[in-house]
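Each chain, written out:
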Amino acid sequence: MNEMFQNALPILKRLEEEGHRAYFVGGCVRDLILARSIKDIDIASSARPEDIQRIFPKTIPVGIEHGTVIVRHESVSYEVTTFRKEDEYQDYRRPSKVWFVDDLKEDLSRRDFTFNAMAMDTSFKLIDHFGGREDLERKQIRTVGDPNLRFSEDPLRIMRACRFMSMFNMTIEEETMLALKSKAYLLERISTERIAIEFIKLLQGVQAGIVLNVMKKSSVLDHLPTVMQEKQTGLYQDFDWNTLESDEQRWTAILLLSDVSDVREFLKSWKLPNHMIKKVGELMSAYRITSWSKLDLYRFGLETALSSITLKSAIENKDYAEEIVQLKQRYTEIPITSRKDIPLDGKEITKITQRKPGIWLGKLLEEMEKKIVEGELDLSTSALKDWVKRWEP
Ligand code: ATP
Ligand code: MG
């Protein structure tokens, strides 16, 4: 058995010794069957949070009211959650009420999709009440129970269905698909941050283009934080999302392929962190550069320049290998990477010119920097001093 499960086993055994039941549940069981790398091991148990805290020496109460306690074991964190069921999701954010239950099946039945509702016991026997394994084999996504009900309870599951579809290269079972279409409008009640988390995972998936197209046809794209429309039919689906390397590239691709009038507004509506908005803005500007001068390269940096080429290559479906080599070469020819590399600072310059610091100083530095970058001015202190002496505003 997989080492991660072996390492977690003592926790389950310990719970059993204390008279409780304990199982591996959720994503880890699914990923084991799919032979995917396992992120973390989640455990469900009949033990109550206070029992868990008593039994294990190192615990962190991360979500006691939802029955979740982290157990630390050999420097690894395990979420141990008491079997529970949930009331209807009144505010569409959190379950309005959580009840602890004694039955594993009841706990599994509250989970979103059949393949996320499997468990495994301490002898690694699979417990699969809802046909998750078969759905994995058929590569289909199916809710546990009535899909209309399950999507109404928690419309985020609509995004999760799309995300799993993209990650696992799956299709959506017919009834589930019909419900997804008819409940898509409920996504407007879900917090933007939670939608954005699922959306970016979707774009990272192996089948993002096809899924975006499914989302378009099922009107999910109309109920995202901003209505998302392709500039032209087929752009999302034909685009090779798998060549992208970072989330800023993925957001930029969305912008370039969509009908967006105000980039900032769009990114803000997704409540993306400021650093991401900044990076995407830079990448958009870099993307518009058709022939990279040394000064462009210096200003944007090599990484952003290459990133924009990756995007261009994906959008135009063209090979830019030669340009990449040239860019890298050109970048090595730039003597500085930032102003800090100039061996003459503002203080020294005011001394040389015998002027009081003012706007002129910024202008001088900018000009000097530009000349150095373009190779018109030597980086030696004496050459720089000479140039400063001769400089006129
Ligand atoms: P990942 O590998 O990306 O973490 P995951 O399936 O583990 O995928 P999580 O968000 O970590 O996803 O959730 C853990 C488990 O909790 C899921 O496998 C599922 O059983 C359950 N779950 C998560 N979100 C929901 C939800 N919105 N509705 C019902 N069950 C959910
Ligand atoms: Mg998980």
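Criteria and thresholds
Residues numbered from 1 in each chain as written. Chains lettered and ligands numbered in written order. Predicted model: local features only at pLDDT ≥ 70, side-chain atom pairs only at ≥ 80, totals over all residues. Heavy atoms only, no water. Near = heavy atom within 4 Å. Polar contact = N/O pair within 3.5 Å; in protein donor to acceptor, adjacent residues only side chain to side chain. Areas by Shrake-Rupley, 256 points an atom, 1.4 Å probe, with all protein chains shown as cover. Helix = DSSP H or I, 4+ residues; strand = E, 2+ residues; numbered from the N terminus. Axes fitted to C-alpha atoms, helices over the stretch in contact; angles between N-to-C directions. Parallel < 35°, antiparallel > 145°, perpendicular 65-115°, else oblique. Left-handed = near helix turned anticlockwise from the far one by under 90°. Contact = heavy atoms within 4.5 Å. Nonpolar A, V, L, I, M, F, W, Y, C, P; charged D, E, K, R; others polar. Core = buried A, V, L, I, M, F, W, Y, C linked by side-chain atoms within 4.5 Å. Buried < 20%, exposed > 50% of the residue type's maximum accessible area, 1.4 Å probe, protein only. Domains from an automatic or database assignment. Phe/Tyr/Trp six-rings, centres within 6.5 Å; stacked < 30°, edge-to-face > 60°. Lys NZ or Arg CZ within 6 Å of the ring centre and 35° of its normal. Pairing = 2+ DSSP bridges. Salt bridge = Lys/Arg side-chain N within 4 Å of Asp/Glu carboxyl O.

**Things to note about the site of ligand 1**
For ligand 1, the set of nearby residues contains 14 residues, the closest of which are R30, N116, D154, R157 and R163. Contact distances for ligand 1 include 2.7 Å between an oxygen atom and a side-chain N or O atom of R30. The side chain of R111 places a nitrogen or oxygen atom 3.1 Å from an oxygen atom of ligand 1. Alone, ligand 1 offers 580 Å² of accessible surface; in the complex the protein occludes 79% of this. Broken down by secondary-structure element, the contributors of at least two residues to the shell around ligand 1 are α2 (27–33) and α7 (156–168).

**Structural notes on the packing of α7 against helix α9 (residues 192–204)**
Look at α7 against α9: their axes get within 8 Å of each other, and the N-to-C directions meet at 15 degrees. Of the possible angle classes, the one that applies to α7 and α9 is roughly parallel. In this structure, α7 meets α9 at a crossing whose hand is left-handed. Side by side, α7 and α9 meet where L156, M159, R160, C162, R163, S166 and M167 of the first sit next to R194, I195, E198, F199, K201 and L202 of the second. Grouping the amino acids of the contact of α7 with α9 by side-chain chemistry returns 7 nonpolar, 1 polar and 5 charged.

**Description of the nonpolar core**
Nonpolar side chains in soluble globular proteins tend to be buried together. Core analysis: the biggest nonpolar cluster contains 81 residues, and F199, L212, M215, L224 and W241 have the highest contact counts within it. If you tally residues by element for this core, the top one is α7, at 9 residues. With residues near it in sequence (within four places) discarded, F199 still touches M159, L212, M215, L224, M228, W251, I254 and W270. Core analysis: the second largest hydrophobic core is formed by 28 residues, A305, I349, W387 and W391 among them.

**Focus: the domain arrangement of the protein**
Here the domain parsing of the protein yields domain 1 (1–135), domain 2 (139–225), domain 3 (243–334) and domain 4 (340–390). Put simply, the middle of domain 1 and the middle of domain 4, counted by C-alpha atoms, are 64 Å apart.

**A few points about the packing of aromatic side chains**
Two descriptors summarise a pair of aromatic rings, namely the distance from one centre to the other and the angle between the planes of the rings. Across all of its chains, the model carries 14 aromatic pairs by this definition. Between F113 and F164 the ring centres are 6.0 Å apart and the planes differ by 85 degrees, which places this aromatic pair in the edge-to-face class. Within this pair, whereas F113 is found in the loop between α4 (104–109) and β8 (119–120), its partner F164 is found in helix α7, the two being separated by 51 residues in sequence. When the ring of F115 is compared with that of F168, the centres are 6.0 Å apart and the planes differ by 80 degrees; the resulting orientation is edge-to-face. Of this pair, F115 sits in the loop between α4 and β8 while F168 is found in helix α7, placing the two residues 53 residues apart along the sequence. The same class applies to F115 as to F168, namely buried. Members of the aromatic cluster, connected to one another through ring pairs, are F113, F115, F164 and F168. The ring of F164 has R163 sitting right over it, with the charged end atom 4.3 Å from the ring centre. Stacked on the ring of Y287, the Lys or Arg K312 has its end atom at 5.2 Å from the ring centre.

**Looking at the sheet that holds strand β5 (residues 76–82)**
Pairing is mixed across the open sheet formed by 7 strands, whose spatial order is β3-β4-β5-β2-β1-β8-β9. On the outer flanks of this sheet lie β3 (59–63) and β9 (126–127), each paired with one strand and no other. Judged from the 4 bridges that link them, strand β2 (residues 42–45) and β5 form a sheet pairing that is parallel. The partner of A44 across the bridge, within β5, is T81. Against the sheet, helix α1 (residues 3–17) contacts β1 (22–25), β2, β4 (68–73), β5 and β8, and its axis sits at roughly 150 degrees relative to β1.

**Quick notes on the side chain of Q249**
Locating Q249 in the fold gives a position in helix α12 (residues 247–257). Looking at Q249, the relative accessible area reads 2%, which means it is buried. In this structure the side chain of Q249 is engaged in a polar contact, spanning 2.8 Å, whose partner is the side chain of S307. Contact partners of Q249, with chain neighbours within four places excluded, come to L244, L283, S307, T310 and L311.

**Some remarks on the pattern of salt bridges**
Under the criterion given, the structure shown has 24 salt bridges. The salt bridge partner of E153 is R157, with a shortest N-O separation of 2.7 Å. The partner of E369 in a salt bridge is R339, and the shortest N-O contact between them spans 3.2 Å. Placement of the pair is E369 in helix α19 (residues 359–373) and R339 in the loop between α17 (321–332) and α18 (346–353), with a sequence separation of 30 residues. Take E369: its relative accessible area is 14%, and that puts it in the buried class. Beyond isolated ion pairs, a larger network of salt bridges with shared partners links D112, R160, R163 and E198.

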